[in-house]
Number of protein chains: 2
Amino acid sequence: MSNEVLWAILIFGAGILAVIFALSMARYVLSRDTGTPEMKAVADTIYEGAIAYLNRQYTTIASIAVITAIIIGAIIALVGSETMDLPGPQAAIMTAIAFLAGALASGVSGYIAMLVAVKSNVRTAAAARRSLGDALLVSLRGGAAGAFFIIALSIMGVAAIFYAYNGFNQPERAPFLIVGFGFGASFVALFAQLGGGIYTKAADVGADLVGKVEAGIPEDDPRNPAVIADLVGDNVGDCAGRGADLFESTAAENIGAMILGVSIFLATGRDNPGFIFLSLVLGAMGLIASMIGVLSVRPSANADPMGALNRGFAVTAVLSIIGLFIATLWVLDGNWWLFGCGLVGIITSILFLLMTQYYTSEKYRPVRTIAEASKTGPATNIISGIAIGFENTALPAIVISLAIGTAYFFGTRTGFSDNSFVNGVYGTAVATMGMLMTVAYVLAMDIFGPITDNAGGVVEMSNQPEEVRERTDALDAVGNTTKALTKGYAIGSAALAAFLLFSAYLSDARLEAVNLARVPVFIGGFLGGMLVFLFSSLAIRAVGRAAGDMIEEVRRQFRSEPGIMQGTVRPNYAKAVDISTRAALREMVLPGILAVGMPVVVGLILRAEAVAALLMVGTMTGILVALVLNNGGGAWDNAKKLIESGQLLDEEGKPIGKGTATHAAAVVGDTVGDPFKDTAGPSLHVLIKLLSTVTLVLAPLFIR
Amino acid sequence: MSNEVLWAILIFGAGILAVIFALSMARYVLSRDTGTPEMKAVADTIYEGAIAYLNRQYTTIASIAVITAIIIGAIIALVGSETMDLPGPQAAIMTAIAFLAGALASGVSGYIAMLVAVKSNVRTAAAARRSLGDALLVSLRGGAAGAFFIIALSIMGVAAIFYAYNGFNQPERAPFLIVGFGFGASFVALFAQLGGGIYTKAADVGADLVGKVEAGIPEDDPRNPAVIADLVGDNVGDCAGRGADLFESTAAENIGAMILGVSIFLATGRDNPGFIFLSLVLGAMGLIASMIGVLSVRPSANADPMGALNRGFAVTAVLSIIGLFIATLWVLDGNWWLFGCGLVGIITSILFLLMTQYYTSEKYRPVRTIAEASKTGPATNIISGIAIGFENTALPAIVISLAIGTAYFFGTRTGFSDNSFVNGVYGTAVATMGMLMTVAYVLAMDIFGPITDNAGGVVEMSNQPEEVRERTDALDAVGNTTKALTKGYAIGSAALAAFLLFSAYLSDARLEAVNLARVPVFIGGFLGGMLVFLFSSLAIRAVGRAAGDMIEEVRRQFRSEPGIMQGTVRPNYAKAVDISTRAALREMVLPGILAVGMPVVVGLILRAEAVAALLMVGTMTGILVALVLNNGGGAWDNAKKLIESGQLLDEEGKPIGKGTATHAAAVVGDTVGDPFKDTAGPSLHVLIKLLSTVTLVLAPLFIR
């Protein structure tokens, strides 16, 4: 068999294997018991709320997506596209179909991941009645089911549409036809992340402000009408939202790398199609490495869960390096410069996890500084949190710069084509591939987060013994860490993937340079930076408004039915879920339109080069602001947890715990961080990739 | 007489006239009575603290500046400079002297402005015993004395060194020799603004947290040991700091415009030297317009002070337009496209004042939203303040984009030289000139701020009757507005001036393009964006640490001397002043080194084009973050004031005032905003210009 056939077998083989793996994980989880009838009742309510939200969200997104597909098709049909070298109407239909395929695949994978997650929570809670290790196994496997399904669908989706569009015989144009797939995926990801992020924080802030602060009842108390909405929210934000985010990162990376691979392939006399397939091959190998990584997590009953997850990641990373080595020999004729590029990517992924841990874990200076500052009140807590958030842009920016710079340098040393720039950028593509080899494992750790969070809620609401709650609390703390780590990983990989897409855009728009010294280009860049701030502002305000709706509803229920507070009457959870749903869907529209509309308007007025600057400066600013929002928020969260755990001491060496003014100050910071880290920050990851894909697809409009 | 001679007469004539005007304003203020002996005693203490701080600050800055001058000289002597076309050692000495001249002029002007301000405060307080109008007159004239001295020195300084370096006969190289003047000025401005900003907020936050919160005594209470340091701080931050900032904006604008003017002059066959002199001529005309504007402020006893100041600004703006008209006919042979550019600048200055007013005045939605959000506690106050801060980047970014775009377009229409780019950029230079014609008036309004603030402190500490305090309170409220407006104006003009300096750098570094698609250039840009966040983080943390020192000192005094709280023992004000001074000088070093060092390091490693990107993306990000910090902080401040004034109503329509939980929440936002709007934000204005000037001066190092 030729290499090409073997690669295809590997790509689809690993993809199908990952789907089977996901199904077996799901089956394992579903085979577990659902605990007491009370536990099952709580879980069923969460399940219903989640499904109700998802159905409405995806219905809304689907109708916006179909309209957008028609608009894109119409534009391409009218304007045509040089790079596709096809009649306008045919290019239009193919792009529109790719867009819808990307949107559908992203939507389906988010939906299924959610389904498994909301089935896993109660089973994790039930397992926690036996042991911590058992609960870890159930929750991680529930997360893995969703994660592998998502990543497998992303890799196979890109590969399938590449083959369907005859990419093998006409590699010059196929990648440009399939960018629609990336745009569709990021389109859905934007709305899923925005809607999910608004939903989860509206419910969380609303539940906390009325429940904990006004009514004085604990978190996850069944008397709080917003409690189910809060638990549903954890799933729609961290599970469906981040799933769509990383689906899109993987798709964007594969598409960007294929476009660059085609350039090298053509420049080297159509000698080795491996340049085009490398990213899919590495993706397939990463899937296999991640599967083994997940299976290697076999905690004993009393082991440290974070340690077990870290060991699993180490296994995945080592296997990825081996996979990279094999691929270098097999696909790239043993070019060790490119092996170096891939290694840079894997190291970058590890560094991002370490940096995120440093800035958000209670063990290190940043979180301890914020906790210390809480002693002098909420103002100093906020000031030091923002200072930490601003500071934490430095290391990741240096790491991204070093990664891109080193990979580029290694790439130029390959000397594949005469164009040293293309060689160098292909090096950064390989680094991105390396970084994303571990994506399925990281995503499994991420979805593990909302499952354990929900499990804690189920335990609390079904009045389980203290020791069970302690076990789910321990898992929940680990879940908070893995969620923060995934955000760090997501922003790092978004940065690298966006860099690839720039290069693809430059080639698509036939631009030689993006000269910031030209006035329209400078203005485009400046507006790109501004877009990030305005978009974040809209996302944060959306949470404020939606939380306001929720607060009024909870107050109304408490007022109209005194039996709720006495515990004799069940609150109307469904109504609160409905309020969050409506508010989230309403509020996600304006920032979504801004994100898609602004590059189009700037492109129409200031043309292709200015859009490139908008894209690039918008991406730089977006990465920096996302780091501020994600890790600032994460640090506030853990500063509060540090105080709650009694690790902060007063002048006399006694622990300062809950109920103190210091704790109250830390709660303020935590609440401020909520919309930062769970709504605006993650939405910026998606914004970055959306800007790249929308401009790639509409490039023909800006160059005519 | 030739036009050239007439222009020189106008420039130095207007400059000397402005100095005489400043002296007569100072004499007017000094001739006024100093009130009761108690008032004089308070004022003397402020005076001593201010002078003690300034002496130490400028001693520190002077020694750093001399070392820097030697380093710059050594670099240029070794590396040489093509653009200067002089032997290395000669270019080195001339640049080093220009640097020291700029540093000295900036230092002297800041010092003198402070001197007048700390003499004006007690006289304003004394005048307030008679009438509001009289107090307004004294404080505005005290501000005008400093402002006109600063701006006159800036214009004459640039002109003098231009003539001294034989610019008239060798216009090709003189502007490149005088960029050292701009670098010297921004170097001093950075440390003055950083040091002043840290000083003022350390004292303010320290005084508030221990005095108001812990000890429960009112603001400006004489029992608070930090109260004098707080009053001194208002002067060193808003007066010396912003004075150095606008000194530098004016100098940078003139130097940048002269460099571009030389390009046009040479390209048009050395026909009209007016291209070189236009900015100085317009500066001189602006000085005259501003003098008349200040003199036109003649409030009656009970008039609205803000209205009086606004009318004065309107007079200045109208006279500036007339001056622009005359200059167009006289200097530019009636080129109406350039008149249009200047008009764009004047309109931009007005728009910036309006936008800042919208975002920081209690009359409009933004501040009202924050006040409303305070009802649900400090967390929602902070969230909505940050959302407003992020949002408020949008309009200014659009206005700056439109201003640069329109002025550039008008410039290209002049067709002066064959190089359409140079023509266009010269158009933006003329817009910057237009914007800065009103600078002396705006700066007078700004220095008015700390004078009225101090006057209120003097009144409070000397136990004057309630009606006097009411008058100074009214003036203080106006002063808060003018300070916020000046910051808006400063950021707008910094943006335009930086744009000129980019173009000068490109010409100096012989760069054709700043191509963001090149990897080192992209990395340079990304690190430029990061620099803004890291620098802001250091500035904010510096305030936190310095405030911590102050808090401990105030607590120590209260503990060791119980008589202080009983009012029987005078607290040790000098010790508190000393603490602030030491802390500010210690903390300003690290961010200062970062600001100067990072462009140099990037330039040495990644070369000239990457530095250009660092400069440009750093400037874009700097403008955006400065807007967030300045206006976010201003909005929080006024949301608190809105609540204090009883304008916020509860559900039953009753006013929510001081002492409520809502007010406490608003105080949190106000405290958070303090280091944002008075330390980090204003320091970013200076950072932007420093980046431009340091790279301009060291360009030879990056191109070899």
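Residues numbered from 1 in each chain as written. Chains lettered and ligands numbered in written order. Predicted model: local features only at pLDDT ≥ 70, side-chain atom pairs only at ≥ 80, totals over all residues. Heavy atoms only, no water.

**Q** Lay out helix α8 (residues 305–331) of chain A in plain terms, naming residues and giving numbers.
**A** Residues and elements named next belong to chain A. Spanning 27 residues, α8 covers 38 Å between terminal C-alpha atoms, matching the ideal 39 Å at 1.5 Å per step. In this structure aspartate 304 caps α8, since a side-chain oxygen of it lies 3.2 Å from the backbone nitrogen of methionine 306. A positive backbone phi angle near 50 degrees is found at aspartate 333, which sits one or two residues after α8. (Helix = DSSP H or I, 4+ residues; strand = E, 2+ residues; numbered from the N terminus. Expected span 1.5 Å × (residues − 1). Polar contact = N/O pair within 3.5 Å; in protein donor to acceptor, adjacent residues only side chain to side chain.)

**Q** Residues and numbers for the environment of lysine 658 of chain B, please.
**A** Residues and elements named next belong to chain B. Mapped onto the fold, lysine 658 is located in the loop between α19 (589–644) and α20 (661–703). Remark: the alpha-carbon pair of lysine 658 and alanine 680, spanning 22 residues in sequence, is separated by 29 Å. Beyond its immediate stretch of four places on either side in the chain, lysine 658 contacts Glu644 and His663. (Contact = heavy atoms within 4.5 Å.)

**Q** If you had to explain the packing of helix α18 (residues 573–587) of chain B against α19 of chain B to someone new, which residues and values would you point to?
**A** Residues and elements named next belong to chain B. At a minimum axis separation of 5 Å, α18 and α19 run at an interaxial angle of 25 degrees. Relative to α19, the element α18 lies roughly parallel. Contacts from Leu585, Arg586 and Glu587 of α18 reach α19 at Val589, Leu590 and Pro591. Looking at the contact of α18 with α19 residue by residue, the class counts come to 4 nonpolar, no polar and 2 charged. (Axes fitted to C-alpha atoms, helices over the stretch in contact; angles between N-to-C directions. Parallel < 35°, antiparallel > 145°, perpendicular 65-115°, else oblique. Nonpolar A, V, L, I, M, F, W, Y, C, P; charged D, E, K, R; others polar.)

**Q** Please provide a residue-by-residue account of the pattern of salt bridges, values included.
**A** Tallied over the full model, the rule gives 66 salt bridges over all chains. A salt bridge links arginine 518 of chain A to glutamate 609 of chain A, with the shortest nitrogen-to-oxygen separation between them at 2.7 Å. Pair noted here: arginine 518 of chain A is in the loop between α15 (466–508) and α16 (519–560) and glutamate 609 of chain A is in helix α19 (residues 589–644), with a separation of 91 residues, a long-range link. In this structure, glutamate 372 of chain B engages lysine 375 of chain B in a salt bridge whose closest nitrogen and oxygen atoms are separated by 2.7 Å. One salt-bridge network, in which partners are shared between bridges, spans Lys201, Asp204, Lys487, Asp637, Lys641, Asp674, Lys677 and Asp678 of chain A. (Salt bridge = Lys/Arg side-chain N within 4 Å of Asp/Glu carboxyl O.)

**Q** If you had to explain the confidence of the model for chain A to someone new, which residues and values would you point to?
**A** With 99% of its residues at a pLDDT of 70 or more, chain A has an overall mean of 90. ipTM for the predicted complex: 0.94, alongside a pTM of 0.95. (pLDDT = per-residue confidence, 0-100.)

**Q** How would you sum up the interface of chain A and chain B? Please name residues and give values.
**A** Contact with chain A, which involves 59 residues of that partner, is made by 59 residues of chain B. A per-residue breakdown of the area chain A buries against chain B is headed by Phe526, Phe533 and Met620 of chain A, which together make up 14% of the total. Applying the counting rule to chain A against chain B returns 2 salt bridges. Linking chain A with chain B are 8 residue pairs in polar contact (both at pLDDT 80 or more), by the criterion used here. Only α11 (378–391), α12 (394–414), α15, α16, α19 and α20 (661–703) of chain A provide two or more residues apiece to the side of chain A that touches chain B. (Buried area = accessible area lost by both parts, 1.4 Å probe.)

**Q** Account for the relation of the copies chain A and chain B, with residues named and values stated.
**A** Overlay of chain A on chain B (RMSD 0.0 Å): rotation 180 degrees, translation along the axis 0.0 Å. The operation mapping one copy onto its partner corresponds to a two-fold rotation axis. No C-alpha of chain A approaches the rotation axis more nearly than that of asparagine 515 of chain A, which lies at 2.2 Å. By residue overlap, the copies meet face to face through one surface: 100% of the interface positions of chain A are interface positions in chain B. (Least-squares fit on C-alpha atoms with pLDDT ≥ 70 in both.)

**Q** I'd like a rundown of the nonpolar core, residues and numbers included.
**A** Formed by 563 residues in total, the largest nonpolar core has its most connected members in Phe148, Tyr426 and Tyr505 of chain A together with Phe148, Tyr426 and Tyr505 of chain B. When near neighbours in sequence (up to four residues on either side) are disregarded, phenylalanine 148 of chain B contacts Ala18, Phe21, Ala22, Leu287, Ser290, Met291, Val294 and Ala440 of chain B. (Core = buried A, V, L, I, M, F, W, Y, C linked by side-chain atoms within 4.5 Å. Buried < 20%, exposed > 50% of the residue type's maximum accessible area, 1.4 Å probe, protein only.)

**Q** Help me get a handle on the UniProt feature "site: Determinant of potassium independence" (unreviewed entry) in chain A, residues and values and all.
**A** Residue and element names in this part refer to chain A. Residues annotated in UniProt with the feature "site: Determinant of potassium independence" (unreviewed entry) correspond here to Lys483. Here lysine 483 shows up in helix α15. Note on lysine 483: relative accessible area 8%, which makes it buried. In contact with lysine 483, other than residues within four places in its own chain, are Asp238, Asp446, Gly449, Pro450 and Asp453. (UniProt positions renumbered as here; feature names shortened; annotations may be inferred.)

**Q** Please set out the environment of valine 596 of chain A residue by residue, giving values where relevant.
**A** Residues and elements named next belong to chain A. Its place among the elements puts valine 596 in helix α19. Its relative accessible area of 15% is what places valine 596 among the buried residues. Put simply, valine 596 and leucine 690 are 94 residues apart on the chain and 7.5 Å apart in space, counted from C-alpha to C-alpha. Look past the residues within four positions of valine 596 in its chain and what remains in contact with it is Phe187, Leu690 and Val694.

**Q** Tell me about empty space enclosed by the protein, residues and numbers included.
**A** With the rule as written, the count across this model stands at 10 cavities of 30 Å³ or more. The computed volume of the largest cavity comes to approximately 200 Å³. Taken together, 22 residues make up the lining of the largest cavity; nearest its centre are Ile386, Phe390 and Val628 of chain A together with Ile386 and Phe390 of chain B. For the lining of the largest cavity, the elements supplying multiple residues, two or more each, are α11 and α19 of chain A together with α11 (378–391) and α19 of chain B. (1 Å grid on protein atoms, 1.4 Å probe; cavity = no way out; pocket = protein on both sides within 12 Å on 5 of 7 lines; lining within 4 Å. Points joined across faces, edges and corners; volume = space filled by probe spheres on them.)

**Q** Before we move on, could you go through helix α7 (residues 274–295) of chain B and cite the residues and values that matter?
**A** With 22 residues, α7 of chain B should cover 32 Å at 1.5 Å per step; its first-to-last C-alpha distance of 30 Å lies within 8% of that length. In terms of burial, α7 of chain B is a largely internal element, 19 of the 22 residues being buried.

**Q** I'd like to hear about the environment of alanine 126 of chain B, residue by residue, with values.
**A** Residue and element names in this part refer to chain B. Relative to the elements of secondary structure, alanine 126 occurs in helix α3 (residues 88–128). On the basis of relative accessible area, alanine 126 is assigned to the buried category, the value being 0%. When the C-alpha atoms of alanine 126 and glutamine 464 are compared, they prove to be 9.8 Å apart, with 338 residues separating the residues in sequence. Discounting chain neighbours no more than four positions away, the residues touching alanine 126 are Asp33, Thr34, Gly35 and Met39.

**Q** So what's going on with the side chain of threonine 581 of chain B? Which residues, and what values?
**A** Residue and element names in this part refer to chain B. Structurally, the position occupied by threonine 581 is in helix α18. Residue threonine 581 is classed as buried on the basis of its relative accessible area, which comes to 3%. Setting aside chain neighbours within four positions, we find threonine 581 in contact with Tyr53, Arg56 and Tyr199.

**Q** Can you break down a nonpolar patch on the surface residue by residue, with the values?
**A** Residue and element names in this part refer to chain A. A cluster of nonpolar residues, Val318, Ile322, Phe325, Ile326, Leu329 and Trp336, forms a patch on the protein surface that exposes about 560 Å² of accessible area. Among the elements that take part in the nonpolar patch, α8 stands out by supplying 5 residues, more than any other. Locating valine 318 in the fold gives a position in helix α8. (Patch = residues over 30% accessible without salt bridge, like charges linked within 9 Å, V, L, I, M, F, W, Y side chains within 5 Å. Areas by Shrake-Rupley, 256 points an atom, 1.4 Å probe, with all protein chains shown as cover.)

**Q** Requested: an account of the packing of aromatic side chains, with residues and values cited.
**A** Residues and elements named next belong to chain A. Using the criterion set out here, one finds 61 aromatic pairs over all chains in the structure. When the ring of phenylalanine 162 is compared with that of phenylalanine 277, the centres are 5.8 Å apart and the planes differ by 85 degrees; the resulting orientation is edge-to-face. With phenylalanine 162 in helix α4 (residues 132–164) and phenylalanine 277 in helix α7 (residues 274–295), this pair connects stretches of sequence that are 115 residues apart. The exposure classification of phenylalanine 162 matches that of phenylalanine 277, with both residues buried. By way of ring pairs, the aromatic residues Trp7, Phe12, Phe162, Tyr163, Phe277 and Trp330 are connected into one cluster. A cation over a ring is seen here: lysine 119 above tyrosine 47, with NZ or CZ 4.2 Å from the ring centre. One residue, arginine 141, lies across the ring of tyrosine 28, its end atom 4.8 Å from the ring centre. (Phe/Tyr/Trp six-rings, centres within 6.5 Å; stacked < 30°, edge-to-face > 60°. Lys NZ or Arg CZ within 6 Å of the ring centre and 35° of its normal.)

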